[in-house]
Amino acid sequence: MMKQKKFNVTYRDLEKKDYPYIEKIIRDTWNYDSICDKPSTAKQMAKVYLRGCLTQKTFARVAVCRDRVVGIIIGQYNGDRKMNVGMHIKSFFCGLRLMLSGDGRKVGRQFRGFDKTDKEMLEGCGKKFDGEVVFFAVSKAVRGCGVGKELWGQLRGYFRAKGAESVYVYTDNTCNYKFYESQEFERLDCRELLVSPRGQRFRLEMYLYEYNF
């Protein structure tokens, strides 16, 4: 029986210095380098994604091991949400830079389809939620070591302290969506989307999950 490797992991609030590590986790988690023709496009996509998440955040915690971020969770509680003008501006210009390249525009068209499907699922469920799990990812190096459970536990505690009754999360079959089921999330919807990264067509399953307190 293989022994599980132990890591000394600490948890703290997100800081700006963490962004490069998180962008690397994003690239690895969603395989951006496999769907982009150029590494520079994959790098810019990760910047765009992270800054888009940061425009929504009211809670953000990271897991750190050996001075490197190995996990992150970002949540939004509607009652705490405020307009972050500076981050919105940064997000806009990151997106603009991505669209200035042909490779970036091609990949951007794929992601517009993802956003449209997410909105359709949320509108179609007919429910109102108190918040959202905006972004949640753990580095491959520490998966299975309880880092994800700890991060979710901290965000769950934040939602509970705010009096949230239900929150939602978008995920898909390229991620560890079974984790949400193990934590008592309920699947509300599933949609299929045909994607063609670098000319290779496949069907992506996109999910909407709900957690009730």
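Right above here is the structure, for reference.
Residues numbered from 1 in each chain as written. Predicted model: local features only at pLDDT ≥ 70, side-chain atom pairs only at ≥ 80, totals over all residues. Heavy atoms only, no water.

Quick notes on a nonpolar patch on the surface
Which entries qualify depends on this criterion: Patch construction takes residues with relative accessible area above 30% that form no salt bridge. Like charges are linked within 9 Å, and nonpolar side chains (Val, Leu, Ile, Met, Phe, Trp, Tyr) are linked within 5 Å. Only the protein chains shown count as cover for residues, and the accessible areas themselves come from Shrake-Rupley with a 1.4 Å probe. Salt bridge, as applied in this entry: a Lys or Arg side-chain nitrogen positioned within 4 Å of an Asp or Glu carboxyl oxygen. Each helix is a run of DSSP H or I of at least 4 residues and each strand a run of E of at least 2, with the numbering of both proceeding from the N terminus.
Taken together, the side chains of Met-83, Val-85, Ile-89, Phe-92, Phe-93, Leu-96 and Leu-100 make up a nonpolar region of the molecular surface, amounting to roughly 770 Å² of accessible area. Following the sequence through the fold, Phe-93 ends up in helix 4 (residues 85-99).

As for the packing of aromatic side chains
Two aromatic rings, taken as a pair, are described by how far apart their centres are and by the angle between their planes. As a reminder of what qualifies: Ring pairs shown here join Phe, Tyr and Trp side chains whose ring centres sit within 6.5 Å, with only the six-membered ring taken for Trp; geometry is labelled stacked below 30 degrees between planes, edge-to-face above 60, and tilted in between. Buried, partly exposed and exposed residues are distinguished by accessible area as a fraction of the type maximum, computed with a 1.4 Å probe on protein chains only: under 20%, between the cut-offs, and over 50%, respectively. When the NZ atom of lysine or the CZ atom of arginine is within 6 Å of a ring's centre and also within 35 degrees of its normal, the charge is said to sit over that ring.
Taken as a whole and assessed by the stated rule, the structure comprises 19 aromatic pairs. Centre to centre, the rings of Tyr-207 and Tyr-209 are 6.2 Å apart; their planes meet at 75°, and the pair counts as edge-to-face. With respect to burial, Tyr-207 and Tyr-209 carry one shared label: buried. With a centroid separation of 4.9 Å and 75° between ring planes, the pair formed by Tyr-211 and Phe-213 is classed as edge-to-face. Under the relative-accessibility criterion, Tyr-211 is labelled buried at 7%. Taking NZ or CZ as reference, Arg-187 lies 4.1 Å from the ring centre of Tyr-207, over its face.

Let's talk about the pattern of salt bridges
Per the counting criterion, the structure on display carries 16 salt bridges. Between Asp-33 and Arg-27 there is a salt bridge; the shortest N-O distance is 2.7 Å. For Arg-27, a relative accessible area of 18% corresponds to the buried category. One salt bridge connects Arg-191 with Asp-189, and the closest N-O pair in it is separated by 3.1 Å. Take Arg-191: its relative accessible area is 28%, and that puts it in the partly exposed class. A single network of salt bridges, built from pairs that share partners, joins Arg-12, Glu-15, Lys-17 and Asp-18.

Thoughts on the layout of surface pockets
Taking a probe equal in size to a water molecule and rolling it over the atoms shows the remaining empty space. Here is the rule we go by: Two kinds of site are reported from a 1 Å grid over the protein atoms alone, namely cavities, where a 1.4 Å probe fits but cannot get out, and pockets, open sets with protein on both sides within 12 Å along at least five of seven lines, and residues are called lining when an atom falls within 4 Å of a point. Grid points are joined across faces, edges and corners, and a volume is the space filled by probe spheres set on the points. Put simply, Ala, Val, Leu, Ile, Met, Phe, Trp, Tyr, Cys and Pro go in the nonpolar bin, Asp, Glu, Lys and Arg in the charged bin, and everything else, Gly too, in the polar bin.
Estimated volume of the second largest pocket: approximately 290 Å³. Looking at the second largest pocket, it is lined by 18 residues, and the ones nearest its centre are Arg-68, Val-69, Val-70, Ser-139 and Ala-141. Elements with a contribution of two residues or more to the lining of the second largest pocket: helix 1 (19-29) and strand 3 (68-77). When residues of the lining of the second largest pocket are assigned to their parent elements, the largest contribution, six residues, is made by helix 1. Considering only residue class, the lining of the second largest pocket consists of ten nonpolar, two polar and six charged.

Describing the sheet that holds strand 2 (residues 59-65)
Whenever strands of a sheet pair, they do so through backbone hydrogen bonds, lying parallel or antiparallel. Selection rule: Two strands are said to pair when DSSP picks up at least two bridges between them. Here an angle of 0 to 180 degrees is reported between the N-to-C directions of two axes, which are lines fitted to C-alpha atoms, with helices fitted over the stretch in contact. We call two residues in contact whenever any of their non-hydrogen atoms come within 4.5 Å of each other.
What the seven strands build is an open sheet, ordered 1-2-3-4-5-7-6; its pairing is mixed. The open sheet is flanked by strand 1 (10-13) and strand 6 (186-195), the only strands paired with a single partner. Taking each pair of neighbouring strands and ignoring which way they run, the sheet shows an average axis angle of 20°. Note: strand 6 against strand 7 (residues 202-212), nine bridges, orientation antiparallel. The partner of Leu-193 across the bridge, within strand 7, is Leu-204. Contacts from helix 1 reach strand 2, strand 3 and strand 4 (131-138) within the one sheet, and its direction differs from that of strand 3 by about 85°. On top of the sheet, helix 3 (residues 39-54) reaches strand 3 and strand 4; it is set at about 145° to strand 4, its chief contact.

A look at helix 6 (residues 147-162)
Note the cut-off: Multiplying 1.5 Å by the helix residue count minus one yields the expected span of that helix. Here the arc refers to the directions that run from the helix axis out to each C-beta atom.
Compared with an ideal rise of 1.5 Å per residue, which puts 16 residues at 22 Å, helix 6 spans 23 Å between its outermost C-alpha atoms and is within 8% of the ideal. Three or more residues of helix 6 are buried, namely Val-147, Gly-148, Leu-151, Trp-152, Gln-154, Leu-155, Tyr-158 and Phe-159. The buried residues of helix 6 occupy an angular sector of 155° when the element is viewed end-on, so they sit on one face. Counted as exposed and oriented over 90 degrees from the buried face of helix 6: Lys-149 and Ala-161. With its phi angle positive at about 85°, Gly-163 sits one or two positions after the end of helix 6.

Regarding the pairing of strand 5 (residues 166-172)
This is how it is decided: Whether a crossover is right-handed depends on one test, that the path from the first strand over the helix to the second runs clockwise when the strands point away from the viewer.
Counting buried residues in strand 5 gives six out of seven residues, a clear majority hidden from the surface. Here two bridges tie strand 4 to strand 5, and the two strands are oriented parallel to one another. Of the residues in strand 5, the one forming a bridge with Glu-132 is Tyr-168. The β-α-β motif built from strand 4, the intervening helix 6 and the parallel element strand 5 has right-handed crossover chirality. Inspection of the sheet shows strand 5 paired to strand 7 by seven bridges, in the antiparallel sense. Bridge pairing links Ser-166 to Asn-212 in strand 7.

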